[in-house]
Amino acid sequence: MNPAAGNHPPQRNSAAHLTRSRLLRILAALAILLIVCAAAGGLFGSAHISLVRAFSDPGSPDHAIFFGARLPRVLMGVIVGAMLAAVGTALQALVRNPLAEGGILGISGGGALGAILAMVMSAKLGGGEVAVPLCAFGAALLSTVAVYRLAMVDGQLEPFTLLLVGVIFNAFWGAVIMLVNSVVNFYYARSILFWLMGSLEAPTYREAAMVAGLGLAGFAVLMFQARDLNLLSLGDESAAELGVDVDRLRRTIFVATSVMIGAAVSVSGIISFVGLIVPHTLRLVFGADHRLLLPASLIGGAAFMVAADLVARVAIAPAEIPVGAITALCGGPFFIYMLRREGRRPLSL
Amino acid sequence: MTTPSRDTAIAMRASAIHAGYPGVPVLHGVSIEVAAGEMLAIVGPNGAGKSTLLKVLGGSIKPSAGSVELFGRPLDSIDRREFARTVASVGQENAVAFRFTVLEIVLMGRAPHLGAFGFESPRDLEIASAALDRFDLLDLAARHVQELSGGERKRVFLARALAQEPKIALLDEPTAFLDLKHVAEIFARFRELCTERGMAVVATLHDLNAAALYADRVLLLADGAAVAYGTPAEVLTAENLRRVYQTEVYVGRNPSTGALIILPAALPNARA
């Protein structure tokens, strides 16, 4: 309306929108952070080791600790953390609620139950390696769709109904897991605490490779929806008016996130709040564009998880805290803070 | 405001539309057409079906009977992205989840023109900047939409619609809750777009004076049916308005401009 205003085009303000160079700079910075965390995760632990000896002498205990315990553990932390944070970002975009997350919505709980049932069955029938992640995926997908549908009131997704439904699902799945645990011989399953608290204990390279494959496939699918997820922030109707096939987008996100949660849960149990803390922090610093936020969550989630796991290993060494306890210890207060903040105004971060 | 000749291209035509929500029929056989470069105002009391009609035109509600045509082509034969390049809608609710900047929201209007992934080109940025400029938003480009006033936010969404480069704009109460200056400016901008680009504009309006002043044609709706349809002078008569709004209405002329003036005429203490 003011013709003189045309003299300063907004291109000059790089913070006003996402550019390719800004995306690359931010991702590079996060990658450096991840490398630092991963290096610390490899160097430190309950036992002191020499990296030189670990690499030079294959017969040394240093070699065994580094390649047999720490490296797979760091790798698993990277993979699981990356997936959980990216899934959190995608779920938040889908339900337009910054408090949504696989653990909080009870999706991880569903996945864990699926994994446990598959494990108990396959102990008798065999085929556990395929059945466990597959059942975790199926149960996670079922939970996602059920939570989403139940939180829908008159065609509107109610932010607080959604969280309440998540609470109920969490309690329900937790109870069923307890039930299964008391019925079956304890010998079949890993410790129940493993599933309910989440841990990166004793992973194998095989497991890591399988989870990484599923995670990358799911993430690739999410990345292709990044712009549509931006448009979804305007509401289903506006997104549709801008050419988004909202139903197809929703189904795609349901399946991709469930694959990722299923894969993560089947190796690490329920690790909550990573998908909440990481995307929220990144969004606050770098903005809401999902073309940046999805890959940034992937890298940031990996760094966060490796750091959390390092704390879990060294805090009360030689004993170990489940990493899910560390994330929940950070995440609980963080969630309350966000809830208090959000309660005063419409949910929009 | 002159009425352009009706033989110009009809941008959008709706014929005998019946539509509503599950179990609640709202529209009972409404027909409209809007030509390129023309502004059509839909007026009528609360619950008359104005927004429903706009949603039918925008494709978000499927009519149970009747048809909508876009430049002579039936709506359901048009791919959703092509439709989004032709028709832009701005609803009454403009809530945004997450802290996007003003420029990011306006750039979202380019989405139907872009591929699935990648970044906006310099040309997309130019179009978005021009849209921001037209609604006097350039200085707010880097601000988060949540920090803006209601009027500023409304203009952001109008600018986003403009960035779609549509041939038809569907506006649901574009000037609700805005002050006089911004009402006048927003209508002035859309009149410019009608003239410059031959854009067709369909707007639901509560403000009858705005409809009289800015629209080429007016559709007066009541209880989901058309009461009158034509030029503002033909439609906005004291007789029609009294019947539809069930209150006394004064219709006169602005002595200095000759424009229609519509005022409530019931006495303050009278009970209709």
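Structure shown above.
Residues numbered from 1 in each chain as written. Chains lettered and ligands numbered in written order. Predicted model: local features only at pLDDT ≥ 70, side-chain atom pairs only at ≥ 80, totals over all residues. Heavy atoms only, no water.

Caption draft 1: A look at the interface of chain A and chain B. The interface is formed by 43 residues belonging to chain A together with 47 residues belonging to chain B. Of the roughly 3,900 Å² buried between chain A and chain B, counting both surfaces, carbon and sulfur atoms make up 62%. Counting across the interface, chain A meets chain B through four salt bridges. In this structure, the salt-bridge partner of Arg291 of chain A is Glu120 of chain B, at a minimum N-O distance of 3.3 Å. Run the count over chain A and chain B and you get four residue pairs in polar contact (both at pLDDT 80 or more). For the side of chain A that touches chain B, the elements supplying multiple residues, two or more each, are helix H1 (20-43), helix H3 (61-95), helix H8 (205-224), helix H9 (226-232), helix H10 (236-241) and helix H13 (290-314) of chain A. It is H9 of chain A that provides the largest number of residues to the side of chain A that touches chain B, a total of four residues. (Contact = heavy atoms within 4.5 Å. Buried area = accessible area lost by both parts, 1.4 Å probe. Salt bridge = Lys/Arg side-chain N within 4 Å of Asp/Glu carboxyl O. Polar contact = N/O pair within 3.5 Å; in protein donor to acceptor, adjacent residues only side chain to side chain. Helix = DSSP H or I, 4+ residues; strand = E, 2+ residues; numbered from the N terminus.)

Caption draft 2: Here's a closer look at unusual backbone geometry. Residue and element names in this part refer to chain B. The phi angle at Asp136 is positive, at roughly 60°, despite the residue not being glycine. Among the secondary structure elements, Asp136 is positioned in the loop between helix H4 (122-134) and helix H5 (150-163). Backbone geometry places Asp223, a non-glycine residue, at a positive phi of 50°. Turning to its location among the elements, Asp223 is positioned in the loop between strand E9 (217-222) and strand E10 (225-230).

Caption draft 3: Quick look at the side chain of Arg22 of chain A. Here Arg22 of chain A lies in helix H1. One buried charged side chain, Arg22 of chain A, makes no salt bridge at all; its nearest oppositely charged neighbour is Glu104 of chain B, positioned 5.4 Å away. Within the local environment of Arg22 of chain A, its side chain forms a polar contact with the backbone oxygen of His17 of chain A, the two atoms lying 3.5 Å apart. (Buried < 20%, exposed > 50% of the residue type's maximum accessible area, 1.4 Å probe, protein only. Lys, Arg positive; Asp, Glu negative; His and termini not counted.)

Caption draft 4: Fine view of the packing of aromatic side chains. According to the stated counting rule, one finds ten aromatic pairs over all chains in the structure shown. In this arrangement the basic side chain of Arg217 of chain B is found over the ring face of Tyr229 of chain B, its NZ or CZ atom lying 5.1 Å from the centre. (Phe/Tyr/Trp six-rings, centres within 6.5 Å; stacked < 30°, edge-to-face > 60°. Lys NZ or Arg CZ within 6 Å of the ring centre and 35° of its normal.)

Caption draft 5: Fine view of the pairing of strand E1 (residues 10-21) of chain B. All names here are of chain B. Of the pairings in the sheet, the one linking E1 to strand E2 (residues 24-35) comprises nine bridges and is antiparallel in character. Its bridge partner lying in E2, Ile17 is registered against Val30. Taking the residues that link successive antiparallel strands as the turn, the E1-E2 hairpin has two residues, and the phi of Gly23 there is positive, at about 80°. Taken together, the five bridges between E1 and strand E4 (residues 65-70) define a ladder with antiparallel strand orientation. Residue pairing across strands places Ala14 opposite Val68, the latter belonging to E4. (Pairing = 2+ DSSP bridges.)

Caption draft 6: How the structure looks around helix H11 (residues 246-268) of chain A. Residue and element names in this part refer to chain A. Across its 23 residues, H11 extends 32 Å between first and last C-alpha, which sits within 8% of the 33 Å expected from 1.5 Å per residue. H11 sits mainly inside the fold: 19 of its 23 residues count as buried. Of the residues trailing H11, Gly269 is marked for its positive phi of about 70°. (Expected span 1.5 Å × (residues − 1).)

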